[in-house]
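A look at the structure
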Amino acid sequence: MAETVFTYAAPGLKFGRGASAEIGFDLQQLTRAAGRPRVLVVTDPGVAATGHPARIAGQIADRGFEVTTYDRSRVEPTDESLEDAVAFARDGGPWDAVVAIGGGSAIDTAKAVNLLVTNEGSLLDYINAPVGEGRAPTAPLLPMVAVPTTTGTGSESTTICVLDVLALKVKTGISHARLRPTLAVVDPDLTMSQPAMVTASCGMDILCHALESYTARWFAHFDAKTPEQRVPYCGANPIADMWAEKSLSLLAGAFRTAVRDGDDSEAREQMALAATFAGLGFGNAGVHIPHANAYPIAGRVRAYRPEGYPQEEPIVPHGMAVSLTAPAAFALTFDAAPVRHLRAASLLGGESGAAGPDALPSVLRSLMRDIQIPNGLAEVGYLASDVDDLVEGSLQQQRLLATAPRPVTADDLAGVFRGSMEHW
Ligand SMILES: NC(=O)c1ccc[n+]([C@@H]2O[C@H](COP(=O)([O-])OP(=O)(O)OC[C@H]3O[C@@H](n4cnc5c(N)ncnc54)[C@H](O)[C@@H]3O)[C@@H](O)[C@H]2O)c1
Ligand SMILES: [Zn+2]
């Protein structure tokens, strides 16, 4: 029987310049502990250097809280880095609330911390099967406020925590409705200091969240689920569509400007809105091929080090990794939903005359070139001989591939990777 039900869930949201100054007050509404409730602020070294976490921690303390800051979140968390954060939090607890300040890396670190200071067991118990046990938390989590400083992931609205399992060289996640933050505080002022390449890469993440959720398999084209089987991601649906369409229009107006001129506060604000909208959409609909491919592209990096990111270790940042196979992926999915692909291209400002499978990919290539995303997988260090390996990594992301609007075979993926070596 076909599915007839879709679902929508979201955290509370406070959006706008100056919103981050009110977090102390917000925490007073969210915590019930008597005396001086204890708040753990989670951030990363790059974000800590902007001074925002220290300012926000001070404002929270002024409202009568005891505040401790963990500032060692790893850019793109690993099992090791999350275990370090969890050990710090378990040693220093108990806590009454968690506040994450940073990009997806700090927010996802805080989600893992929140899970494991409230629930027994280890990270591996909760990581999605087959890598982990896929256990569901049994105890409620602490109130969590998520404060994004990048315009990208939407992690402040979603139920997932993404991590790299080092020994297995796979990126995977923990996903459960209880991981969704209680309140998202999106203050565009905090995003102004993002380096240009962080703005470009994170912006491509927004764009792919919107495009993939908009072109995802329609919720009613899945088999009917029991209430126990429902997951936060239910496929494209009328509510998620609304968020995706609006996000695409905002990106069309602001993305190039925000990368070119980071001081343009108007463009920064539009990007923050676009990231929030895309997060609220894909956080309920899901994403598909470009995100599935991003896992092996990021996980098997050899030597690539983009400017604007920490230089100690090679990295293909999440948004960049997602974008590199997006043009070829949307050429592959075109036939499954032509109207949606064309509408997306037109919302992004593509030429109204372009009507074939290349309409959306050509808009993407032109944008990626303008904002200086690498010209394909070859530029970040992959060779044609890596394709089989990349396909194998992508095939492990069955949950994402099942959200694509058409069946995806190993040959399809090989074609997408081969077609993504060089874009222009
Ligand atoms: N949970 C989710 O729903 C979800 C969705 C997409 C991606 N992710 C994950 O999020 C992570 C990527 O997060 P991201 O793209 O937001 O970037 P990030 O958190 O990794 O940060 C990127 C870099 O920018 C710096 N930075 C962040 N904000 C800054 C600011 N305002 N000023 C100056 N520097 C700043 C950081 O210190 C870091 O060096 C990946 O691990 C990815 O897998 C999670
Ligand atoms: Zn993403």
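Residues numbered from 1 in each chain as written. Chains lettered and ligands numbered in written order. Predicted model: local features only at pLDDT ≥ 70, side-chain atom pairs only at ≥ 80, totals over all residues. Heavy atoms only, no water.

1. Thoughts on the pattern of salt bridges
This is how it is decided: Definition used for salt bridges: Asp or Glu carboxyl oxygen within 4 Å of a side-chain nitrogen of Lys or Arg. The helix count covers DSSP runs of H or I at least four residues long, the strand count covers runs of E at least two residues long, and both are numbered beginning at the N terminus. Classification of residues uses two cut-offs on accessible area relative to the type maximum, computed with a 1.4 Å probe and protein chains only: under 20% is buried, over 50% is exposed, and between them is partly exposed.
As enumerated under the stated definition, the model contains 18 salt bridges in all. A salt bridge links Asp84 to Arg72; the nearest nitrogen and oxygen atoms lie 3.0 Å apart. With Asp84 in helix α4 (residues 79–92) and Arg72 in the loop between β3 (66–70) and α4, the pair connects residues that are 12 residues apart, well separated along the chain. Residues Arg340 and Asp241 are paired through a salt bridge, measuring 2.7 Å at the closest nitrogen-oxygen approach. Pair noted here: Arg340 is in helix α13 (residues 338–347) and Asp241 is in helix α8 (residues 238–260), with a separation of 99 residues, a long-range link. Residue Asp241 is classed as buried on the basis of its relative accessible area, which comes to 10%. In this structure, a network of salt bridges that share partners links the residues Glu3, Lys225 and Arg230.

2. Some details on unusual backbone geometry
That bond from Gly93 to Pro94 is cis: its omega, 0°, falls within 30 degrees of zero. Looking along the chain, the bond that leaves Ala129 and enters Pro130 is cis, with omega of 5°. Residue position: Pro130 is located in the loop between α6 (123–126) and β5 (144–148). A positive phi angle, near 65°, is found at Glu76, a position not held by glycine. Positionally, Glu76 belongs in the loop between β3 and α4. A relative accessible area of 13% means that Glu76 is categorised as buried. Unusually for a residue other than glycine, Gln372 sits at a positive phi of about 65°. In this structure, Gln372 sits in the loop between α14 (359–370) and α15 (387–395). Owing to a relative accessible area of 63%, Gln372 belongs among the exposed residues under this scheme.

3. A few points about the packing of helix α7 (residues 196–214) against helix α10 (residues 289–299)
Two numbers describe a pair of packed helices, the interaxial angle and the distance between the axes. The following threshold applies: An axis is simply a line fitted to the C-alpha atoms; with a helix, the fit covers only the stretch in contact. Between two such axes, the angle follows the N-to-C directions and lies from 0 to 180 degrees. Note on terminology: angles under 35 degrees are roughly parallel, angles over 145 are roughly antiparallel, angles of 65 to 115 are roughly perpendicular, and the others are oblique. Note on contacts: a residue pair is in contact if any heavy atoms of the two residues lie within 4.5 Å. Ten residue types, Ala, Val, Leu, Ile, Met, Phe, Trp, Tyr, Cys and Pro, are classed as nonpolar, four, Asp, Glu, Lys and Arg, as charged, and the remainder, Gly among them, as polar.
Direction vectors running N to C along α7 and α10 enclose 135°, while the axes themselves pass 9 Å from each other. One finds that α7 runs oblique with respect to α10. Between α7 and α10, the residues in contact are Asp205, Cys208, His209 and Glu212 and Ile289, Pro290 and His291, respectively. Split by residue class, the contact of α7 with α10 holds three nonpolar, two polar and two charged.

The values reported here are purely geometric and, on their own, carry no functional implication.
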